[in-house]
Amino acid sequence: MKNVIIGTAGHVDHGKTTLLKALTGVDLDTLQEEQKRGITINPGYSTMENDRGLDIGIIDVPGHEKFVHNMLTGIGGVDLVLLLISAEEGIMPQTREHFEIVKALGIDTGILVLTKVDLVDREWIPILEEEAREMVQGSFLEDAPLVPVSAYTGENIETLRNLMLDMAEAAEETPRTPELTRLPVDRIFSVAGHGTVVTGTLVEGAIRKGDTLRLYPKEDLAAVRGIQVHGKEVEEAFGGQRVALNISVKKDRLEVGDVLAPPHSLPLTKQIDVAIHMFASTERTMKNSSRVHVNYGSGEALARVILFGEDELLPAMSAYGQLRFEAPIPIRKDDPFVLRFFSPVESIAGGRVLEVHPKRHKRKDERVVERLSQKDTGDDATIFALALEENRYRYADERELGAALGFSEEKRHALRKELTEAGTTVELPGGLLVHAHTAEGVLENARAILARYHEEFPLETGMPKQAFRHQLQEAEHFDDEKIPEAFLAHFYQKHLLEDHGKRIEDSHFTATLTPEQEKQWQRAEAIAKEKGFEGADDSDFVPVGKKREHVLRFMEESGTLIALETRTLHRDVWDEAVSIALAMIDETGKMKLADFRNAIDTSRKYAVEILDEMDRRGFTKFHDGVRVRA
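Residues numbered from 1 in each chain as written. Predicted model: local features only at pLDDT ≥ 70, side-chain atom pairs only at ≥ 80, totals over all residues. Heavy atoms only, no water.

> Help me understand helix H8 (residues 380–390) in this model?
Within an α-helix, residues lying three or four positions from one another point in the same direction, as the helix has 3.6 residues per turn. Every buried residue of H8 is accounted for by Ala-381, Ile-383, Phe-384, Ala-385, Leu-386, Ala-387 and Leu-388. Among the structural elements, helix H7 (366–377), helix H9 (398–405), helix H10 (409–421), strand E25 (425–427), strand E26 (433–435) and helix H11 (436–456) are those in contact with the buried residues of H8. (Buried < 20%, exposed > 50% of the residue type's maximum accessible area, 1.4 Å probe, protein only. Helix = DSSP H or I, 4+ residues; strand = E, 2+ residues; numbered from the N terminus. Contact = heavy atoms within 4.5 Å.)

> Where do I start with the packing of helix H17 (residues 593–600) against helix H18 (residues 604–616) in this structure?
In helix packing, the relevant descriptors are the interaxial angle and the interaxial distance, both defined with respect to the helix axes. Where H17 contacts H18, the two axes come as close as 9 Å, and the packing angle between them is 110 degrees. For the element pair H17 / H18, the angle class is roughly perpendicular. Along its contact with H17, which presents Leu-593, Phe-596, Arg-597 and Ile-600, the element H18 presents Arg-604, Ala-607, Val-608, Ile-610, Leu-611 and Met-614. Residues belonging to the contact of H17 with H18 are distributed by class as follows: eight nonpolar, no polar and two charged. (Axes fitted to C-alpha atoms, helices over the stretch in contact; angles between N-to-C directions. Parallel < 35°, antiparallel > 145°, perpendicular 65-115°, else oblique. Nonpolar A, V, L, I, M, F, W, Y, C, P; charged D, E, K, R; others polar.)

> What should I look at first to understand unusual backbone geometry in this one?
Excluding glycine, a negative phi dihedral is what most residues carry, and trans is how most peptide bonds are arranged. For the peptide bond that leads from Tyr-216 to Pro-217, omega is 10 degrees, which places it in the cis range. Following the sequence through the fold, Pro-217 ends up in the loop between strand E11 (212–216) and strand E12 (220–229). Residue Pro-344 is reached from Ser-343 by a cis peptide bond, and omega for that bond is 0 degrees. Unusually for a residue other than glycine, Glu-219 sits at a positive phi of about 70 degrees. Here Glu-219 lies in the loop between E11 and E12.

> Before we go on, may I ask you to explain the environment of Phe-189 in this structure?
Along the polypeptide, Phe-189 turns up in strand E8 (residues 187–191). Sequence separation between Phe-189 and Asp-252 is 63 residues; the distance between their C-alpha atoms is 9.7 Å.

> Teacher, can you tell me more about the sheet that holds strand E28 (residues 497–500) here?
The strands that make up a sheet are held in pairs by hydrogen bonds between backbone atoms, and each pair lies either parallel or antiparallel. What the three strands build is an open sheet, ordered E27-E29-E28; its pairing is antiparallel. The open sheet has two free edges, formed respectively by strand E27 (463–464) and E28, since each of these has just one partner strand. Lying on the sheet, H11 is in contact with E27, E28 and strand E29 (503–506); it crosses E29 at an angle near 105 degrees. (Pairing = 2+ DSSP bridges.)

> So what exactly am I meant to see when it comes to the side chain of Ser-298 here?
Along the polypeptide, Ser-298 turns up in the loop between strand E19 (291–296) and strand E20 (299–308). Since its relative accessible area comes to 4%, Ser-298 is described here as buried. Among the polar contacts listed, one links the side chain of Ser-298 to the backbone oxygen of Val-185, at a separation of 2.7 Å. (Polar contact = N/O pair within 3.5 Å; in protein donor to acceptor, adjacent residues only side chain to side chain.)

> Help me understand the sheet that holds E19, please; the structure alone is not making it clear to me.
Read around the closed barrel, six strands run E17-E22-E20-E19-E23-E24, paired in antiparallel fashion. In this sheet, adjacent strand axes meet at a mean angle of 40 degrees when their direction is disregarded. Where E19 lies against strand E23 (residues 336–341), four bridges are found, and the strand directions are antiparallel. The residue bridging Asn-295 from the neighbouring strand is Val-338, located in E23. Sitting on the sheet, H7 touches strand E17 (268–278), E20, strand E22 (318–330) and strand E24 (347–355), and the angle it makes with E24 is about 85 degrees.

> Can you help me understand the packing of H11 against helix H12 (residues 465–476) in this one?
Packing of H11 against H12 brings their axes to within 10 Å, and their N-to-C directions diverge by 135 degrees. Here H12 runs oblique to H11, going by the angle between their axes. Judged by the twist between their axes, the crossing of H11 over H12 is right-handed. Contacts between H11 and H12 involve Gly-441, Val-442, Asn-445, Ala-446, Ile-449, Leu-450 and Arg-452 from the former and Phe-468, Gln-471, Leu-472, Ala-475 and Glu-476 from the latter. (Left-handed = near helix turned anticlockwise from the far one by under 90°.)

> Mind showing me how you'd approach helix H6 (residues 157–170) here?
The first and last C-alpha atoms of H6 sit 20 Å apart over 14 residues, in line with the 20 Å expected at 1.5 Å per residue. Considering only its buried residues, H6 is in contact with strand E1 (2–10), helix H1 (16–24), strand E3 (54–60), strand E4 (80–86), strand E5 (110–115) and strand E6 (146–148). (Expected span 1.5 Å × (residues − 1).)

> When you look at the nonpolar core in this model, what are you seeing that I'm missing?
Side chains of a nonpolar character, in soluble globular proteins, are inclined to be buried together. Counting residues in each nonpolar core, the largest one holds 25 residues, and the members touching the most others are Ile-276, Met-286, Leu-323 and Leu-339. Of all the secondary structure elements, the ones that give two or more residues to this core are E17, E19, E20, E22, E23 and E24. When residues no more than four places from it in sequence are discounted, the contact partners of Ile-276 are Met-286, Val-305, Leu-307, Leu-313, Met-317, Ser-318, Ala-319, Leu-339, Ala-349, Gly-350 and Gly-351. (Core = buried A, V, L, I, M, F, W, Y, C linked by side-chain atoms within 4.5 Å.)

> Is there a simple way to explain the pairing of E20 in this structure?
A regular strand places its side chains on the two faces of the sheet in alternate fashion. The element E20 is extensively covered by neighbouring structure, given that seven of its 10 residues are classed as buried. With six bridges connecting them, E19 and E20 associate as antiparallel partners. Bridged to Val-292 within E20 is Ala-303. Counted between consecutive antiparallel strands, the loop separating E19 from E20 contains two residues, among which Gly-297 sits at a positive phi close to 55 degrees. The sheet contact formed by E20 and E22 spans six bridges and is antiparallel. Counterpart to Phe-308 in the pairing with E22 is Tyr-320.

Rendered as structure tokens:
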């Protein structure tokens, strides 16, 4: 069954509640104060019965200027709006304000309804219709149906009802992805014997009896004890339905504007990057750093507006900016909102969320505006790629990024595959997904660290890993040691860096000897060869000259010299010793230390050091007092 929410908008006393009573048979002015004063204060909710298999919820939102906040609460999540204009009064200030609000909230389907036509002369109706068309020109209502009605006489009521059903059938299905479930709370009360009940429009997703949701922004856990849709007990509710939930949270912990959603599915943020569009009907100017009321979902918060590229916004102007809140709010990318002047409180602008965890930007930086434009107009792949690129230094979990962007797990996996195949992103060992620019930036920093080390120690085969990791962690602000290890594993796989055990080296680096070091190399090599199987010690290498330790270490790392416990052999001598040992083992299957010592004509001490090194390198192993092949 398709679930559709239909809402009303328009000036006070233009007949919204009366019209809906004629359409549904239900009087939505249920509160005594509303009945007494003849105006709707809080949103009223009902359903429109039909024979088309549609689940249609009706929201009657208030029109009086003092109750615009409640109007904003009620209109969120609406699929189809009825914009009402009284034939008696014509277009009024709140008519224009409500029209601006429904545009700002992203509602894209509606019907223009001219009410109370029984109270005016018929020749006025075409004039009023023309005024209505002029007001909505260039908007989503430009080509919308316009129906003149009278709830008193019943004129065109059935025509309007059938039109509403036709448009409801054509409306897009509300997403039911469980992990994106959101219920902004718009009413809270207690029921004897049951406890706390909250109501709201299930913006997206699905809720089952027994689910555990989280209350945002407080983050209390709420067990769902019972669900009602249109006054009937159900086991499950779906996106696009008006829902009442019996939950385990105490009433005094809840406020209108709180949101119920699955744990870890909704980001909390104190600032958001946004696209702002000033209402054409406002007479206010919004200056940079203005304090404003922000209405989002069923919530309201205070924030300061930072404008990028502009110092102030006049009516009908648009700009990118950042809202900085006084307390964290739960919100996702692409969520709509309305800005209201701080004092007096009146609606002046609408907008859409572009980024929920942005850093602070420079106001006059053209690159900021360019990047926000990409987030404003880009497709899902572009948006996800930008989010991953900006994730450098933060490395938020990919699932958290997906939740902030409003992506289902299925969509996130599809985008991951698309971006990785295109080379836009890189999947590191362990599964961490990063933007290709991030991997390039980390590699650039890694190579800069190694370059400085190679310059200072040009003959060493790489930098000690512990020192390298420490410097890379400082340069990249890594908080989790698994992240640099994932990057390094990727760089090793791609042969961009070389792993030398305890040391790490840039694959582009090649050690070069100065003419003086070449001479030192030759002297050290001659000494080692002359010492033969006895090997040379530190004192033997004194003739090599000053700073010889760099050349000797380089000779060891390059394999020209073989370091034993206390001695050093030339590679040729070492290879000969290994060849002798293995030949002796192959002849009898084993080799005694004394036999090897005699074969190379050296002392027992030096022979032991050579054999121990053969054991470490996997040529031989010591077993039952003799050496055998490893």
